[in-house]
Amino acid sequence: MSASMNDTVAKVTARIVERSVVARSAYLDKIARTQDAGVKRAHLSCGNQAHAYAAMAGDKATLVADRAPNLGIVTAYNDMLSAHQPFKDFPDLIKDAARKVGGTAQVAGGVPAMCDGVTQGQTGMELSLFSRDVIALAAGVALSHNTFDAALYLGVCDKIVPGLVIAAATFGHIPGIFVPAGPMVSGLPNDEKAKVRQKFAAGEIGRDRLMEAEMASYHGPGTCTFYGTANSNQMLMEFMGLHLPGSSFVNPGTPLRDELTREAARLGIAITAQGNAYRPVADVLDEKAFVNGIVGLMATGGSTNLVLHLPAMARAAGVILDVEDFNDLSAVTPLLARVYPNGLADVNHFHAAGGLAFTISELLDGGYLHPDTKTIVGEGLLHYTRDPKLIGGEITYEDGPVTTQNDKILRPVSNPFQPTGGLRELKGNIGRAVMKVSAVAPEHRVITAKARVFHDQASVKTAFQAGEFTEDTIVVVRFQGPKSNGMPELHGLTPALSVLLGRGLKVALVTDGRMSGASGKVPAAIHLTPEAADGGPIARIRDGDVLRVDAETGSLEVLESDFADRPVVKADLTDNQVGLGRELFDAFRKNCGAAADGAALVV
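Residues numbered from 1 in each chain as written. Predicted model: local features only at pLDDT ≥ 70, side-chain atom pairs only at ≥ 80, totals over all residues. Heavy atoms only, no water.

Asks: Explain the sheet that holds strand E3 (residues 150-154) here, please?
Replies: In a beta sheet, neighbouring strands are held together by backbone hydrogen bonds and run either parallel or antiparallel to one another. In spatial order, the strands read E2-E1-E3-E4; together these four strands make up an open sheet with parallel pairing. The outermost strands of the open sheet, each flanked by one partner alone, are strand E2 (104-110) and strand E4 (176-179). Going across the sheet, the axis of each strand differs from the next one's by a mean of 25°, ignoring polarity. Bridge count between E3 and E4: four bridges; the pairing is parallel. Pairing of Tyr 153 across the sheet is with Phe 178, part of E4. On the sheet, helix H12 (residues 255-270) packs against strand E1 (70-75), E2, E3 and E4 and is oriented at approximately 175° with respect to E4. (Pairing = 2+ DSSP bridges. Helix = DSSP H or I, 4+ residues; strand = E, 2+ residues; numbered from the N terminus. Axes fitted to C-alpha atoms, helices over the stretch in contact; angles between N-to-C directions. Contact = heavy atoms within 4.5 Å.)

Asks: Would you mind showing me how to read the side chain of Asp 387 here?
Replies: Of note, Asp 387 is situated in strand E7 (residues 386-391). Buried Asp 387, no salt bridge; nearest opposite-charge side chain is Lys 389, N-O distance 4.7 Å. In this view, Asp 387 contacts Ala 357, Thr 396, Tyr 397, Glu 398, Gly 400 and Pro 401; residues no more than four positions away in its chain are not counted. (Buried < 20%, exposed > 50% of the residue type's maximum accessible area, 1.4 Å probe, protein only. Lys, Arg positive; Asp, Glu negative; His and termini not counted. Salt bridge = Lys/Arg side-chain N within 4 Å of Asp/Glu carboxyl O.)

Asks: Could you clarify how one ought to interpret the packing of helix H14 (residues 287-300) against helix H16 (residues 323-332) in this entry?
Replies: Axes are the key here: two packed helices are described by the angle between their axes and the distance separating the axes. Relative to each other, H14 and H16 sit at 55°, their axes nearing to 9 Å. Viewed along their axes, H14 and H16 adopt a mutual orientation that is oblique. Crossing geometry of H14 relative to H16 is assigned as right-handed. When H14 is examined against H16, the residues Val 291, Ile 294, Val 295, Leu 297 and Met 298 are found in contact with a partner set consisting of Phe 326, Leu 329 and Ser 330. Of the residues contributing to the contact of H14 with H16, the split by class is seven nonpolar, one polar and no charged. (Parallel < 35°, antiparallel > 145°, perpendicular 65-115°, else oblique. Left-handed = near helix turned anticlockwise from the far one by under 90°. Nonpolar A, V, L, I, M, F, W, Y, C, P; charged D, E, K, R; others polar.)

Asks: What is the right way to look at the packing of aromatic side chains in this model?
Replies: Pairs of aromatic rings are described using the distance from one ring centre to the other and the angle between the two planes. Applying the stated rule across the entire model yields six aromatic pairs. Within the aromatic cluster, the residues linked to one another by ring pairs are Phe 130, Phe 585 and Phe 588. (Phe/Tyr/Trp six-rings, centres within 6.5 Å; stacked < 30°, edge-to-face > 60°.)

Asks: Teacher, can you tell me more about the pairing of E3 here?
Replies: Within a regular beta strand, the side chains point alternately toward one face of the sheet and then the other, so they alternate between its two faces. A large share of E3 lies buried, amounting to five of its five residues. Here E3 shows two buried faces, one formed by Ala 150, Leu 152 and Leu 154 and the other by Ala 151 and Tyr 153. Pairing of E1 with E3 involves five bridges; the strand directions are parallel. Paired with Gly 72 across the strands is Ala 151, a residue of E3. Regarding the hand of the β-α-β motif, the stretch spanning E3, helix H8 (residues 160-170) and E4 is right-handed. (Right-handed = clockwise from strand over helix to strand, strands pointing away.)

Asks: Help me understand a nonpolar patch on the surface in this model?
Replies: A surface patch of nonpolar side chains, about 210 Å² in accessible area, is lined by Leu 137, Val 602 and Val 603. Structurally, Leu 137 is set in helix H7 (residues 128-143). By relative accessible area, which is 46% here, Leu 137 ends up partly exposed. (Patch = residues over 30% accessible without salt bridge, like charges linked within 9 Å, V, L, I, M, F, W, Y side chains within 5 Å. Areas by Shrake-Rupley, 256 points an atom, 1.4 Å probe, with all protein chains shown as cover.)

Asks: Any chance you could explain the pairing of strand E11 (residues 446-454) here in plain terms?
Replies: Relative to strand E15 (residues 546-550), E11 is paired through five bridges, and the arrangement is antiparallel. Looking at E15, one finds that Thr 448 is bridged to Arg 548. The pairing of E11 with strand E12 (residues 473-477) spans five bridges and is classified as parallel. Of the residues in E12, the one forming a bridge with Ala 451 is Ile 474.

Nothing here speaks to function; it is geometry throughout.
This is how it looks when you write it as structure tokens:
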């Protein structure tokens with residue numbers, strides 16, 4: 001691990017440090033003021049403490065002891081969300097493990113956890129992005145009792161991990177460990193599922209065949225097995241040092257999974273301020289950790305949703321990220337993994353091929369990662385090149401693989417799938433956007449064509465079903481940003497646009513909305529900022545305008561001479577404001593930040 005740091009990685013890190021000087025200093029000053037002497041619950045009155053311990057039965061005496069660490073469990077458990085259903089039994093495992101090392105643990109509180117797979121294309125998806133901020137707020141309420149010496153965060157999926165990270169950074173004076181549940185075992189291959197969806201979109205099969213395929217793909221407890229936002233989150237937590245090494249992709253319900261959960265509890269007790277290995281979250285989440293996370297995202301072809309979430313997560317720790325950071329790091333980071341949708345393998349296959357231990361080892365050897373970051377398990381990212389094994393009922397770490405077990409899934413830095421990462425910033429007279437190019441064929445990355453403009457994805461589907469797309473087309477879907485309708489995923493467009501690609505047409509999507517890591521082969525310029533509801537230039541585009549989307553040069557242009565002089569179109573957004581809880585989120589839509597800054601309300 002002696003390679004010198006890549007010049008671009010070093011320059012981007014220095015740029016982030018300089019940009020963040022004021023915010024990071026203020027954050028660390030706040031944390032220092034909170035890190036007062038002694039166990040926090042010792043400063044509570046006897047009445048306060050009695051309330052906190054009333055239901056703890058045999059743990060009361062330990063809780064009253066000032067030096068006994070107490071873990072706060074913040075859980076996103078529900079049994080509608082397959083990735084979170086395993087969390088049902090985690091609190092008991094954690095409490096038992098904590099007791100055995102002289103500590104205690106309490107469920108501090110629960111946070112909501114939406115399943116984007118359920119709400120895709122539905123009204124509920126308009127609450128999804130803002131659920132991240134609600135999760136941060138709910139976790140803040142849970143930890144506000146100030147009776148915990150460390151926190152264990154139980155969450156996996158799309159907005160849940162980012163929301164929990166925002167809370168963990170806000171309570172950065174205490175240690176925090178993220179505890180995953182693991183992916184479901186492999187079912188129907190993701191590429192086969194995608195083919196069935198396309199056949200249904202084209203009217204070639206009925207709903208019964210579609211339902212059969214979907215149920216065979218999403219079939220049990222655990223994270224969905226494609227490399228979308230949920231599994232990108234898990235990767236991120238290892239690259240940033242908040243998971244136990246090697247814990248991301250161990251299947252639920254296995255002995256190793258359960259012992260890793262117990263090990264997280266034991267480690268949580270060990271790294272509190274009462275011991276000699278105090279590791280608060282504020283020390284883990286620094287500029288280098290976020291750079292490592294971005295590099296991991298690019299090297300594995302992870303979800304574009306993290307381009308939205310990472311700036312919000314970083315701001316909570318006083319670190320200011322910009323889209324240019326993602327673009328520049330992507331330009332030098334080799335793509336080492338091919339996992340669906342930019343390959344045929346799922347995350348179980350990726351894990352078996354060498355997984356994150358091999359990936360991190362290769363990137364450290366190549367000088368793409370900062371090796372000297374602080375992590376929950378100690379100094380340096382080298383810890384994350386090792387694999388956990390269950391030997392004699394105990395967790396033992398062994399050196400991870402030094403060669404890939406399948407070079408169709410995972411490759412070394414010396415022989416990557418492509419020399420650059422999976423993301424590109426696009427800029428021009430429409431604004432700033434990003435495109436995930438790792439799954440897009442080179443011949444589809446540049447398109448000049450007439451625009452068709454829509455204000456919702458349902459209208460695009462209607463036009464497709466009516467056979468209106470007969471030539472190369474750039475589909476513009478606007479008023480889909482956070483201030484318009486909460487920035488729902490537009491995955492409902494993927495099957496139809498994929499069918500058009502299959503017919504030999506060139507097609508692209510331009511939107512101020514979002515399409516995550518499951519968007520597949522369709523070139524999509526997403527997160528366009530400023531959004532239409534803010535008077536962004538996308539609100540000037542008309543049907544028939546010639547647009548150019550060029551992911552090779554990073555250009556996004558309307559090629560019409562009068563474009564800059566046109567008035568912006570305004571849309572009637574009243575239908576986005578009521579129904580299925582949307583009325584409760586009015587303040588979020590009115591006050592959130594721009595997509596380029598994370599579209600957050602609370603940071």
